[in-house]
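Close look at the chain arrangement
Below, each chain spelled out in residue letters.
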Amino acid sequence: MSAPDADALAGFVCRQLANTLPDGHDARAAVQAALPAALERTRRCVAGVRAWQAGGFDPLVSGQYASFLYLLSNEVWARQGDAATATRLFLLNKSLHALELFHEVELPEVFFLSHTPGLVFAKASYGNRLVVHQGCTVGRKVGGERPVIEERVVLFPNSMVIGRCHVRAGTVLAPGVCLVDTDTPGDCVVLPGPEGRPVFKPARREVWKDYLVG
């Protein structure tokens with residue numbers, strides 16, 4: 001379904017909703033109304049990813065379709081206030097891609113979900129040009145403290161950012177790193193250290209450019 005027609009894509013999404021959540025909810029009007037804005041946001045995001053930019057948006061590329069369903073749910077909720085349809089789109093995305101990305105989360109204009117299984121996104125603050133690999137968690141602590149993640153941040157598989165963290169621009173989290181109530185200096189690589197304490201080393205290059213343009 002490369003370069004999909006908007007009506008065909010709306011029908012595709014609504015059939016998936018009906019088959020995944022057969023509760024009789026009619027999402028067609030909400031999906032059609034939100035689709036132009038969601039498609040435009042998806043295309044801008046896809047154009048920012050090196051591996052994707054040449055081909056444009058293709059719903060059969062799972063990372064692109066997961067991003068699209070999130071953006072569609074966000075548009076339905078933010079523009080129409082239709083929490084019922086937005087929640088169903090979130091649940092569809094979770095069922096298809098093992099992705100915990102609620103419609104109220106505000107991701108930046110350009111982000112790259114390298115592989116979606118096991119990704120969890122809290123309602124944190126996310127900077128532009130974000131790269132996230134499988135198994136990563138951005139979470140809040142009991143009491144509501146949430147991370148702030150600046151631009152050009154890369155989270156490698158199974159890394160975590162929890163609670164009152166300020167992850168500054170150009171930070172790279174190595175696989176398995178866990179930050180809890182911990183800030184980073186920016187333009188750094190964070191490695192797992194003794195007893196789980198993170199170790200910060202200056203970045204030798206801009207890792208985000210391996211994945212994104214701009």
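Residues numbered from 1 in each chain as written. Predicted model: local features only at pLDDT ≥ 70, side-chain atom pairs only at ≥ 80, totals over all residues. Heavy atoms only, no water.

Topic: the overall build of the protein
Scanning the protein from terminus to terminus reveals four helices and 14 strands. Computed over its C-alpha atoms, the radius of gyration of the protein comes to 18 Å, within 12% of the 17 Å expected for a compact globule of 214 residues. Referenced to the eigenvectors of the C-alpha coordinate spread, the extents of the protein come out at roughly 55 × 40 × 25 Å. Within the span of the protein, comprising 214 residues, buried residues form 49% of the whole. A separation threshold of at least 6 residues defines the contact pool for the protein, and within that pool the share at least 24 residues apart is 35%. Carbon and sulfur atoms provide 52% of the accessible area of the protein, an area that totals close to 9,700 Å². Considering the protein, the positive charge centre built from 22 side chains and the negative charge centre built from 21 side chains are found 5 Å apart. (Helix = DSSP H or I, 4+ residues; strand = E, 2+ residues; numbered from the N terminus. Rg over C-alpha atoms; globule rule 2.2 N^0.38 Å. Buried < 20%, exposed > 50% of the residue type's maximum accessible area, 1.4 Å probe, protein only. Contact = heavy atoms within 4.5 Å. Areas by Shrake-Rupley, 256 points an atom, 1.4 Å probe, with all protein chains shown as cover. Lys, Arg positive; Asp, Glu negative; His and termini not counted. Charge placed at Lys NZ, Arg CZ, Asp CG, Glu CD.)

What to know about helix α2 (residues 28-47)
Taking 1.5 Å as the rise per residue, α2 with 20 residues should run 28 Å; its terminal C-alpha atoms sit 27 Å apart, in good agreement. Remark: the principal bend of α2, roughly 50°, maps to L35, with a proline, P36, within the next four residues. If you check which residues of α2 are buried, you get A30, V31, A34, L35, A38, L39, R41, T42, C45 and V46. The inward-facing, buried residues of α2 abut α1 (6-20), α3 (62-80), α4 (83-97) and β2 (111-113). (Expected span 1.5 Å × (residues − 1). Bend = angle between axes of the 7 residues up to and from the residue.)

Regarding unusual backbone geometry
Notably, A98 is not glycine yet its phi reads approximately 55°, a positive angle. Position of A98 relative to the elements: it lies in the loop between α4 and β1 (99-101). Take A98: its relative accessible area is 41%, and that puts it in the partly exposed class. Not every positive phi belongs to a glycine, and R152 is a case in point at roughly 60°. Tracing the chain through its elements places R152 in the loop between β7 (148-149) and β8 (154-155). R152 sits in the partly exposed class, given a relative accessible area of 22%.

Some remarks on the pairing of strand β14 (residues 198-202)
Relative to β14, strand β13 (residues 188-192) runs antiparallel, the two sharing five bridges. Bridge assignment links V190 to a residue of β14, and that residue is F200. Between β13 and β14, which pair antiparallel in sequence order, lie five residues; one of them, E195, sits at a positive phi of approximately 55°. (Pairing = 2+ DSSP bridges.)

So, the pairing of β13
Both strand β11 (residues 172-173) and β13 contribute to a ladder of two bridges, which runs parallel. Across the sheet, L173 pairs through a bridge with V190, a residue of β13.

A few points about the state of the cysteines
A full pass over the atoms with the stated rule returns zero disulfides. Distance from the sulfur of C45, which forms no disulfide, to the nearest cysteine sulfur (C136) is 16 Å. As a non-bridged cysteine, C178 has C165 as the owner of its nearest cysteine sulfur, 8.2 Å distant. (Disulfide = S-S within 2.5 Å.)

Digging into the sheet that holds strand β9 (residues 160-162)
Judged by pairing direction, the sheet is parallel, and its five strands sit side by side in the order β1-β3-β6-β9-β12 without closing on themselves. For this open sheet the edge positions go to β1 and β12 (178-180), each flanked by a neighbour on one side alone. For this sheet the average axis-to-axis angle between neighbouring strands, irrespective of direction, equals 10°. For β1 and strand β3 (residues 119-121), the ladder comprises three bridges, and the chain directions are parallel. The residue of β3 that forms the bridge with E100 is V120. (Axes fitted to C-alpha atoms, helices over the stretch in contact; angles between N-to-C directions.)

Description of α1
With 15 residues, α1 extends 21 Å from end C-alpha to end C-alpha; this agrees with the ideal 21 Å at 1.5 Å per step. The complete set of buried residues in α1 reads L9, A10, G11, F12, V13, C14, Q16 and L17. The elements touched by buried residues of α1 are α2, α3 and α4. Between the side-chain oxygen of the N-cap and the backbone nitrogen of D7 there are 2.9 Å, and the N-cap of α1 in question is D5. (Polar contact = N/O pair within 3.5 Å; in protein donor to acceptor, adjacent residues only side chain to side chain.)

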